[in-house]
Amino acid sequence: MASVVALCLCGRLSRVCCVIRTVTLTLDPDEPDPEKIERAADVIRAGRLVAFPTETVYGLGADALNERAVRRIFEAKERPADNPLIVHVADRKMLSRVSANVSAEAERLIGRFWPGPLTLVLPRGPEVAPSVSAGLATVAVRMPRNVVALQLLGRADRPIAAPSANASGRPSPTTARHVLEDLTGRIDLVLDAGPTSIGIESTVLDMTGEAAAILRPGWVTREALSDVIGPINLALSEDRLKRSPGTRHRHYSPRARVVLVEKGSERDIRRICEELLTQGPVGFVGHTAVEIQAPAFTRVLIGNDAGEYGRAIYSALRLLDQKAPVAIVVEGVDDVGEGEAIMDRLRRAASA
Ligand code: TXA
Ligand code: MG
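Residues numbered from 1 in each chain as written. Chains lettered and ligands numbered in written order. Predicted model: local features only at pLDDT ≥ 70, side-chain atom pairs only at ≥ 80, totals over all residues. Heavy atoms only, no water.

A look at the overall build of the protein chain
The line we're drawing: Only runs of H or I of at least four residues qualify as helices and only runs of E of at least two qualify as strands under DSSP, and these elements are numbered from the N terminus. Accessibility here uses a 1.4 Å probe with only protein chains present; expressed as a share of the type maximum, an area under 20% marks a residue as buried, one over 50% as exposed, and anything in between as partly exposed. By definition, residues are in contact when any of their heavy atoms lie within 4.5 Å. All accessibility values rest on the Shrake-Rupley procedure with a 1.4 Å probe; residue burial counts only the protein chains present in the view.
The helix and strand inventory of the protein chain stands at 11 helices and 17 strands. Across its three principal directions, the C-alpha atoms of the protein chain cover 60 × 50 × 50 Å. Within the span of the protein chain, comprising 352 residues, buried residues form 55% of the whole. Taking contacts inside the protein chain between residues at least 6 apart in sequence as the whole, the part at least 24 apart equals 67%. Carbon and sulfur atoms form 51% of the exposed surface of the protein chain, whose accessible area is close to 15,300 Å².

Printed below as a string of structure tokens:
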């Protein structure tokens, strides 16, 4: 069947039209107003969409047990149907509705890292809406470490499926403004509790194979996981594709081309930028103070540290993208510890 594409009022050509009024509620991140949480929980229970903060990035949430609600997530984000979603839980009881089959190894990881930025891929329970798993027999689940997220889950009293709250393929949102940039008119509610504290998506660890395998590096590092369950590997790209079909899609990308400089001196990076400047405006984000005096050159500097990159990189990519550059030159960080997660996202953005 041919898909119908319409020109929306917002000027976007898309399969869904922006006809929903998106409401934003501003909350204290540590002591959120219970009435606002209750209002958001009502929206979830009604099968509608709520964007909310987690410690990693903002998520776009729907009732994980309601198939119609989950489909709304795919429509709003224009997400490919073969890319499964992460289910968020607030406690063990909720986890048991998502997966009845938690191995002893998974238990040890839960004991150590939950609540926190670790997603476990487990056998899928029968109550979970089928679209959540995109046809797989597994389900990805995590317990976020964010007061607003945990209270929303608790009040809604059901697991919430939530991918990052960006339009599919765009950089993940670390503020409510980023969510609104991509999804205004497509979702019902945004809970704005300020910028997220980590800024990079969770580690995804597959516990359903013979050995645990990292499908997506994140803030819980390979070393930290190995301390609990022994040596562990990043799944090879072919195996990753088989186990997590969604990883084949374009990810984390601004509209502009991303040129990644994994390592380089100020002079090397300046040369690359100057060459690109002959074609048009250029953005640069990194930790080296590249000195170019040209109106068409915009620079965002970040401290040379994975934590600072995590908090600032997606925001910087979105900001530089607004200048419609021919390219954004991005300087890498050391590919160790949390830096592995940063470099994974930057390499994917650069290969899009
Ligand atoms: O930090 C995060 O993980 C954020 C916040 C909102 O929790 N969520 C997030 O979701 O990044 P999303 O949809 O952008 O990324 C989910 C990743 C995708 O790479 C997807 O393919 C993988 O998890 N995934 C989900 N379910 C899976 C499954 N059953 N098997 C393998 N991979 C799965
Ligand atoms: Mg995402």
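Points about the site of ligand 1
Cut-off, in case you're wondering: By convention in these notes, a residue is near a molecule or strand provided one of its non-hydrogen atoms lies within 4 Å of it. Side-chain atoms alone can form a polar contact between residues adjacent in sequence; in general such a contact is a pair of N or O atoms within 3.5 Å, and within protein one must be able to donate a hydrogen while the other accepts it. Gly is placed with the polar residues, together with every amino acid not listed as nonpolar (Ala, Val, Leu, Ile, Met, Phe, Trp, Tyr, Cys and Pro) or charged (Asp, Glu, Lys and Arg).
Neighbouring ligand 1 are 25 residues, the closest being Thr56, Arg79, Asn83, His88 and Ser202. Here an oxygen atom of ligand 1 sits 3.0 Å away from a polar atom, N or O, in the side chain of arginine 142. A distance of 2.9 Å separates an oxygen atom of ligand 1 from a polar atom in the side chain of arginine 216. Protein contact buries 97% of the 680 Å² of open area that ligand 1 shows by itself. Elements with a contribution of two residues or more to the shell around ligand 1: strand 6 (86-88), strand 8 (138-142) and strand 12 (213-216). Broken down by element, the residue count for the shell around ligand 1 peaks at four residues, all from strand 8. Split into classes, the residues belonging to the shell around ligand 1 amount to 12 nonpolar, eight polar and five charged.

Some thoughts on the domain arrangement of the protein chain
So the rule is basically this: Domain delimitation in this document rests on an assignment produced automatically or drawn from a domain database. The term buried area means the drop in 1.4 Å probe accessible area that two parts suffer when joined, counted for both and summed. When a carboxyl oxygen of Asp or Glu lies within 4 Å of a side-chain nitrogen of Lys or Arg, that pair is called a salt bridge.
What the domain assignment reports for the protein chain is domain 1 (2-241) and domain 2 (257-351). Counting residues at the interface gives 23 residues for domain 1 and 19 residues for domain 2. Carbon and sulfur atoms make up 51% of the area that domain 1 and domain 2 hide from each other, which totals about 1,700 Å². Here glutamate 340 ties to arginine 222 by a salt bridge, and the two come within 3.3 Å at their closest N and O atoms.

A short note on the sheet that holds strand 14 (residues 257-261)
By way of backbone hydrogen bonds, the strands of a sheet pair with one another, either parallel or antiparallel. Spelled out, the test is: Between any two strands, pairing holds if DSSP finds at least two bridges. An axis is simply a line fitted to the C-alpha atoms; with a helix, the fit covers only the stretch in contact. Between two such axes, the angle follows the N-to-C directions and lies from 0 to 180 degrees.
Across the sheet, four strands lie side by side as 14-17-15-16; this open sheet has parallel pairing. Taken across any chain shown, the strands that pair with only one partner, and hence form the sheet edges, are strand 14 and strand 16 (297-301). Geometrically, the sheet is characterised by an average inter-axis angle of 20° between neighbouring strands, direction not taken into account. As defined by bridge partners, strand 15 (residues 282-286) adjoins strand 17 (residues 327-331) across four bridges and the pair is classed as parallel. Looking at the pairing, phenylalanine 284 lines up with valine 329 of strand 17. Helix-sheet contacts for helix 11 (residues 339-351) involve strand 14 and strand 17, and the interaxial angle to strand 14 is about 135°.

Focus on helix 1 (residues 34-45)
Three or four residues apart is the spacing at which side chains of an α-helix point the same way, because the helix has 3.6 residues per turn. Put simply, the rule is: An expected span of 1.5 Å times one less than the residue number is assigned to each helix. Note that the arc is defined by the directions from the helix axis to the C-beta atoms.
Taking 1.5 Å of rise per residue, the 12 residues of helix 1 would be expected to cover 16 Å, and the 16 Å separating its terminal C-alpha atoms lies within 8% of that figure. Among the residues of helix 1, those classed as buried are Ile37, Ala40, Ala41, Val43 and Ile44. For helix 1, the buried positions fall inside an angular range of 155° around the axis, keeping them on one side. In this structure, the buried side of helix 1 is in contact with strand 4 (50-53), strand 5 (58-63), helix 5 (147-156), strand 9 (160-161) and strand 10 (189-192). Structurally, the start of helix 1 carries an N-cap: the backbone nitrogen of glutamate 35 is 2.9 Å from a side-chain oxygen of aspartate 33. Glycine 47, located one to two residues past helix 1, shows a positive phi value of around 80°.

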